[in-house]
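# Per-entry structural report
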Amino acid sequence: MSCPLTAVSAAFDPLDLQNPFPLLQQVRAEEPVFYNDDIDYWVVTRYDDIKAIFHDHDTFTAANTITPIVPFSDDVKTMLQAGNYTPVPVLSNNVPPGHTRIRKLVNRLFLPRRMRDFAPAIRQLARRRLASFIQQGETDIVAALTYEFPALVLFHVLGVPDEAVARVKAWAGNRIELYYGRPTPAEQVERTQNLVPFWHYVVALVQRKLANPADDLTSDLIRMRNGDDAVLTINEIASCMITLLVAGHETTTSQMGNSLLHLLQNRAKWEQLCATPNLIPQAVEEMLRYDPSVCTWRRFVARPTVINGVDIPAGANLLLMLNSANRDETIFPQPDEIVFDRPNVKDHLAFGYGIHYCVGSPLARLEMEVLLEEMTRHLPSLRLLPGQQVKYTRNISFRGPVSLRLAWDEREIGD
Ligand code: HEM
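Residues numbered from 1 in each chain as written. Predicted model: local features only at pLDDT ≥ 70, side-chain atom pairs only at ≥ 80, totals over all residues. Heavy atoms only, no water.

Empty space within the largest pocket amounts to approximately 370 Å³. Around the largest pocket, the lining comprises 16 residues; the ones closest to its centre are Tyr147, Gly173, Glu250, Ser254 and Thr393. Put simply, the parts of the chain that give the lining of the largest pocket at least two residues each are helix 10 (165-180) and helix 14 (250-265). Tallying contributions element by element places helix 10 first for the lining of the largest pocket, with 5 residues. For the lining of the largest pocket, the per-class residue count stands at 7 nonpolar, 6 polar and 3 charged. What lines the second largest pocket is a set of 18 residues, and nearest its centre among them are Pro87, Val88, Asn93, Arg175 and Tyr179. Looking at the lining of the second largest pocket, the elements with two or more residues in it are helix 10 and helix 13 (234-247). In the lining of the second largest pocket, the residues fall into 12 nonpolar, 5 polar and 1 charged. (1 Å grid on protein atoms, 1.4 Å probe; cavity = no way out; pocket = protein on both sides within 12 Å on 5 of 7 lines; lining within 4 Å. Points joined across faces, edges and corners; volume = space filled by probe spheres on them. Helix = DSSP H or I, 4+ residues; strand = E, 2+ residues; numbered from the N terminus. Nonpolar A, V, L, I, M, F, W, Y, C, P; charged D, E, K, R; others polar.)

The structure is reproduced here in structure tokens:
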């Protein structure tokens, strides 16, 4: 076999999320499937290939979606064992039939109509947070709003106390760096030291809900279990909770940052939303297409296969470029333009596709819509502060601005 390394794979840095789009455009045209030796993954960039991979979950399993890019050292493995760190695959990196059993239960928690019951509380929270800084006239919107807001929404629905928000945000960020970044051996040890207390926090939370069930989704999961390990074990419930306490806010924090950045960079689009708020649901979808916060996702190749004419061996790992699929010009004409009324905007792959399709998407859509409604209403003069360089954390999958400085003319928020 000839060496699979090419000029494209040499130019591609899977952890550099600063501006991946120009290279991806070239790759889609010239070499849509290529091998990257940096992380030992095959990279897939075209929409049709990625959708077919998501669809065929027997050939392409999700077993590697929470596998660290830098394998855990023996020290780290010992620390996890000593720290009684026992999460098991439940959703993201699970496979049927276990995934099917658990997913059926978790689906019932996040039904769109159920999420709509939370809308008034989400709106109230958005208004309270906006009111807390609106007098300032300018701020870093990530620090002031989008960093904590999705976590507070999630805590409300899951029944997690607000006082934990700073810790859970830090723990979740730490977990992303450990699994999706490239930590040095010393950083890997330090991040593992932070991971173990996160797990213990989640286990204690589940124990509290077992003793005192309440009107929240964590308690609902416990009620569905009904004391039967064949339905769901306590360890599986805790594993679901730690998954949700990462996936349920880091993603939305970044997506809100991406959306605000692009809408304000293309300010006519922002003005269009202020004038016509009923476009907001379409705008949310178009922003998910244009710059998805989960910019890549992974699959494991269970048997030898061929992707777009390229032979892929069993045991290979795939990096699926969702940000490239969403700008595939054969599916989305003029992909680099923001167009709210694309007829097929909802065909984007920002939430994946198939059996693992994002279970929290109804909540994510709702909170992003509510936030944009409140911001366009109360801060129509919102604008980017000039001269800032937007930065992204180095990792393979989660893209969102670390900070975003905005200014506006002061307004009052009424009731
Ligand atoms: C804008 C925000 C979000 C984005 C872009 C996003 C994106 C994704 C993607 C790409 C996947 C992988 C799908 C696949 O493998 O086919 C996924 C799965 C998942 N997401 Fe989200 N997500 C978001 C918000 C949320 C929220 C709010 C929650 C929870 C409340 C959540 C929970 C999950 C879970 C548990 C899975 C695994 C589902 C499974 O494997 O069955 N996500 N998400």
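For the coordinates displayed, the defined rule picks out 12 aromatic pairs. Measuring from ring centre to ring centre gives 5.2 Å for Tyr35 and Trp42, while their planes differ by 55°; the resulting arrangement is tilted. Judged by its relative accessible area of 9%, Trp42 falls in the buried class. Relative to Phe332, the ring of Tyr47 has its centre 5.9 Å away and its plane inclined at 80°; by these criteria the two rings are edge-to-face. (Phe/Tyr/Trp six-rings, centres within 6.5 Å; stacked < 30°, edge-to-face > 60°. Buried < 20%, exposed > 50% of the residue type's maximum accessible area, 1.4 Å probe, protein only.)

To continue, consider the site of the ligand. Neighbouring the ligand are 30 residues; His99, Arg103, Arg299, His356 and Cys358 lie closest to it. A distance of 3.5 Å separates an oxygen atom of the ligand from a polar side-chain atom of Trp297. Spatially, the ligand is embedded in the largest cavity. Sorting the residues of the shell around the ligand by element identifies helix 5 (98-109), helix 13, helix 14, strand 5 (296-301) and helix 18 (361-378) as the ones contributing at least two each. No other element matches helix 14, which puts 3 residues into the shell around the ligand. Among the residues forming the shell around the ligand, the class breakdown is 18 nonpolar, 10 polar and 2 charged. (Near = heavy atom within 4 Å. Polar contact = N/O pair within 3.5 Å; in protein donor to acceptor, adjacent residues only side chain to side chain. Sits in = over half its atoms within 2 Å of the grid points.)

The next thing to look at is the pattern of salt bridges. In this structure the tally under the stated criterion is 24 salt bridges. The partner of Arg182 in a salt bridge is Asp38, with the nearest N and O atoms 2.7 Å apart. Of this pair, Arg182 sits in the loop between helix 10 and helix 11 (185-211) while Asp38 sits in the loop between strand 1 (33-36) and strand 2 (41-44); the two residues are 144 residues apart in sequence, bridging distant segments of the chain. Accessibility expressed as a relative area gives 39% for Arg182, which makes it partly exposed. (Salt bridge = Lys/Arg side-chain N within 4 Å of Asp/Glu carboxyl O.)

So, about the coordination of the iron atom of the ligand. In this structure the iron atom of the ligand is ligated by exactly one protein donor, Cys358 (SG), at 2.3 Å. Summarising the element assignment, Cys358 is placed in the loop between helix 17 (322-325) and helix 18. (Donors = N, O, S within 2.8 Å, 3.2 Å for Na, K, Ca; no water.)

One open sheet accounts for 5 strands, arranged 1-2-8-5-3; its pairing is mixed. The open sheet is flanked by strand 1 and strand 3 (60-61), the only strands paired with a single partner. Here strand 2 pairs with strand 8 (residues 317-321) via 3 bridges, running parallel. Across the sheet, residue Val43 finds its bridge partner in strand 8, namely Leu319. Its contacts with the sheet put helix 3 (residues 47-55) on strand 1, strand 2, strand 3, strand 5 and strand 8, and the angle it makes with strand 8 is roughly 125°. (Pairing = 2+ DSSP bridges. Contact = heavy atoms within 4.5 Å. Axes fitted to C-alpha atoms, helices over the stretch in contact; angles between N-to-C directions.)

Within the secondary structure, Thr305 sits in strand 6 (residues 305-307). Discounting residues that sit within four places of it in the chain, Thr305 has contacts with Thr59, Phe60, Val310, Asp311 and Ile312.

Attention now goes to the nonpolar core. Membership of the largest hydrophobic core comes to 137 residues, with the highest contact counts inside it found for Leu318 and Met375. Apart from residues lying up to four places away in sequence, Leu318 is in contact with Tyr41, Trp42, Val44, Ile53, Phe60, Asn64, Trp297, Arg298, Arg299, Val301, Ile307 and Ile312. (Core = buried A, V, L, I, M, F, W, Y, C linked by side-chain atoms within 4.5 Å.)

What follows concerns unusual backbone geometry. With glycine set apart, most residues show a phi of negative sign, and most peptide bonds adopt trans. Cis geometry marks the peptide bond from Pro96 to Pro97, where omega comes out at 5°. Within the secondary structure, Pro97 sits in the loop between helix 4 (74-82) and helix 5. Positive phi, normally seen in glycine, also occurs at Asn84, with a value near 55°. In this structure, Asn84 sits in the loop between helix 4 and helix 5. We classify Asn84 as exposed; its relative accessible area is 52%. Residues other than glycine seldom take positive phi values, yet Gln334 does so here, at roughly 45°. Take Gln334: it is sitting in the loop between helix 17 and helix 18. What makes Gln334 exposed here is its relative accessible area of 56%.

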